[in-house]
Protein chains: 2
Amino acid sequence: MPKLASRTPHATRDARRIAVIKALAHPSRLAIAEALQAGERCVCDLRDLVGADLSTVSKHLTVMRKAGLLDMEKRGLNVFYRLRCPCLLNFFECVDRLIPAAQPKTTCK
Amino acid sequence: MPKLASRTPHATRDARRIAVIKALAHPSRLAIAEALQAGERCVCDLRDLVGADLSTVSKHLTVMRKAGLLDMEKRGLNVFYRLRCPCLLNFFECVDRLIPAAQPKTTCK
DNA sequence: AGACTACTTGGCATATTCGCCAAGTAAAGC
DNA sequence: GCTTTACTTGGCGAATATGCCAAGTAGTCT
């Protein structure tokens, strides 16, 4: 593919949008993001939440952090992750507002 | 993987959120969604926009339609696609509001 | 009817993502 | 220093996504 990014006017903006959207486009990562809305969590808490290997969860968190979604902080043996921006809440509201549209004849503000 | 969906309380809601988010998590599909904010377009217009094969564009549109993002309508030889819900605009605003957070010390409403 | 245009669908090769295991790092406790 | 706990990173097989070509469908036009 000849790189869409190099042909469109809003290349950089779109690339960043894609990174953010992709970081949320996976069941485990979405569950992590939702959990973090309640406050910071250590990796082992999130492992229990998604029920995957610790290494798998760690890699998901790396994806989200590199997209700009998360901050991390090491305290003692634990590493705590938290949302960089609480407005992620609004983001999900936007998505949910799209969902009723899946049924015909439903209005959507 | 033992299906996250079957273990979480908001399984169905999350599955639909994932479908919507995934439908936007690709450069061509994001570009299509952005273009459709200005109004309906036929498939050949969108092919010119993303610069891919017509069949490729058609498949992208199918993904977006099945996620509940788009409506389609055939008129004459053309098929026109449009956003089911104009609030997709808000959705992108939410994403962009997340982006400044990628730089440290930036506040985000 | 036959030709042409605008798509959609099937199939397949390539690319990307995912998840586990194994190995490595870093802090805490003894 | 040695052990344990909490995590990260490397690697690799398996699953999923992507994109093109070829073939099929459905209107339009003459």
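Residues numbered from 1 in each chain as written. Chains lettered and ligands numbered in written order. Predicted model: local features only at pLDDT ≥ 70, side-chain atom pairs only at ≥ 80, totals over all residues. Heavy atoms only, no water.

1. Some remarks on the sheet that holds strand E2 (residues 70-75) of chain A
Inference 1: The strand order across the open sheet formed by 3 strands is E1-E3-E2 (chain A), and the pairing between neighbours is antiparallel. Looking along the sheet, the strands with just one partner apiece sit at the ends: strand E1 (41-42) and E2 of chain A. (Pairing = 2+ DSSP bridges. Helix = DSSP H or I, 4+ residues; strand = E, 2+ residues; numbered from the N terminus.)

2. So, the pattern of salt bridges
Inference 1: Here the structure, examined in full by the defined rule, presents 20 salt bridges over all chains.
Inference 2: Across the pair Arg47(B) and Asp48(B) runs a salt bridge whose closest N-O atoms are separated by 3.3 Å.
Inference 3: Among the residues examined, Arg47(B) registers a relative accessible area of 30% and is labelled partly exposed.
Inference 4: Glu73(B) is the salt-bridge partner of Arg75(B), the closest N and O atoms lying 3.5 Å from each other.
Inference 5: Beyond isolated ion pairs, a larger network of salt bridges with shared partners links Arg13(A), Asp14(A), Arg17(A), Glu34(B) and Asp96(B). (Salt bridge = Lys/Arg side-chain N within 4 Å of Asp/Glu carboxyl O. Buried < 20%, exposed > 50% of the residue type's maximum accessible area, 1.4 Å probe, protein only.)

3. Quick look at helix H2 (residues 27-36) of chain B
Inference 1: With 8 of 10 residues buried, H2(B) is to be regarded as a mostly interior element.
Inference 2: Every buried residue of H2(B) is accounted for by Ser28(B), Arg29(B), Leu30(B), Ala31(B), Ile32(B), Ala33(B), Glu34(B) and Leu36(B).

4. A short note on the packing of aromatic side chains
Inference 1: Scanning all chains against the criterion turns up 3 aromatic pairs over all chains.
Inference 2: Judged by centre distance (5.7 Å) and plane angle (85 degrees), the ring pair of Phe91(B) and Phe92(B) falls under edge-to-face. Both residues of the pair, Phe91(B) and Phe92(B), count as buried.
Inference 3: Connected via pairs of aromatic rings, a cluster forms that spans Phe91(A), Phe92(A), Phe91(B) and Phe92(B). (Phe/Tyr/Trp six-rings, centres within 6.5 Å; stacked < 30°, edge-to-face > 60°.)

5. Considering the packing of helix H2 (residues 27-36) of chain A against helix H3 (residues 43-50) of chain A
All names here are of chain A.
Inference 1: Two elements in contact, H2 and H3, have axes whose closest approach is 10 Å; the angle formed by their N-to-C orientations is 125 degrees. One way to sum up the angle between H2 and H3 is to call them oblique. Between H2 and H3 lies a crossing whose hand is right-handed. Counting all contacts with H2, which are made through Ser 28, Ala 31, Ile 32, Ala 35 and Leu 36, the residues of H3 involved are Leu 46, Leu 49 and Val 50. (Axes fitted to C-alpha atoms, helices over the stretch in contact; angles between N-to-C directions. Parallel < 35°, antiparallel > 145°, perpendicular 65-115°, else oblique. Left-handed = near helix turned anticlockwise from the far one by under 90°. Contact = heavy atoms within 4.5 Å.)

6. Topic: the protein's contact with DNA strand D
Inference 1: Looking at DNA strand D, there are 24 residues lining it, with Ser55(A), Ser58(A), Lys59(A), Tyr81(A) and His60(B) nearest.
Inference 2: Backbone atoms, meaning sugar and phosphate, make up 57% of the atoms of DNA strand D lying within 4 Å of the protein.
Inference 3: The separation between a phosphate oxygen of DNA strand D and a polar side-chain atom of Lys22(B) is 3.4 Å.
Inference 4: In this structure, a phosphate oxygen belonging to DNA strand D sits 2.7 Å away from a side-chain N or O atom of His60(B).
Inference 5: Within the residue set of the surface near DNA strand D, elements represented by two or more residues are H3, helix H4 (54-66) and strand E3 (78-83) of chain A together with helix H4 (54-66) of chain B. (Near = heavy atom within 4 Å. Polar contact = N/O pair within 3.5 Å; in protein donor to acceptor, adjacent residues only side chain to side chain.)

7. As for the nonpolar core
Inference 1: Phe91(A) and Phe91(B) are the most contacted members of the largest nonpolar core, which has 60 residues in total.
Inference 2: Apart from residues no more than four positions distant in its own chain, Phe91(A) is found in contact with Leu24(A), Ile21(B), Phe91(B), Cys94(B), Val95(B) and Leu98(B). (Core = buried A, V, L, I, M, F, W, Y, C linked by side-chain atoms within 4.5 Å.)

8. Looking at the packing of helix H1 (residues 11-24) of chain A against H2(B)
Packed helices, taken two at a time, are described by the angle between their axes plus the distance between the axes.
Inference 1: Interhelical geometry of H1(A) versus H2(B) gives an angle of 110 degrees and a closest axis separation of 10 Å. Judged on the interaxial angle alone, H2(B) and H1(A) are roughly perpendicular. When you trace H1(A) past H2(B), the crossing you get is right-handed. Of the residues in H2(B), those touching H1(A) at Arg13(A), Asp14(A), Arg17(A), Ile18(A) and Ile21(A) are Pro27(B), Leu30(B) and Glu34(B).
Inference 2: Residues that form the contact of H1(A) with H2(B) fall into these classes: 4 nonpolar, no polar and 4 charged. (Nonpolar A, V, L, I, M, F, W, Y, C, P; charged D, E, K, R; others polar.)

9. Some words on the environment of Thr62(A)
Inference 1: Relative to the helices and strands, Thr62(A) is located in helix H4.
Inference 2: A sequence separation of 30 residues divides Thr62(A) from Ile32(A), and the C-alpha atoms of the two residues are 12 Å apart.

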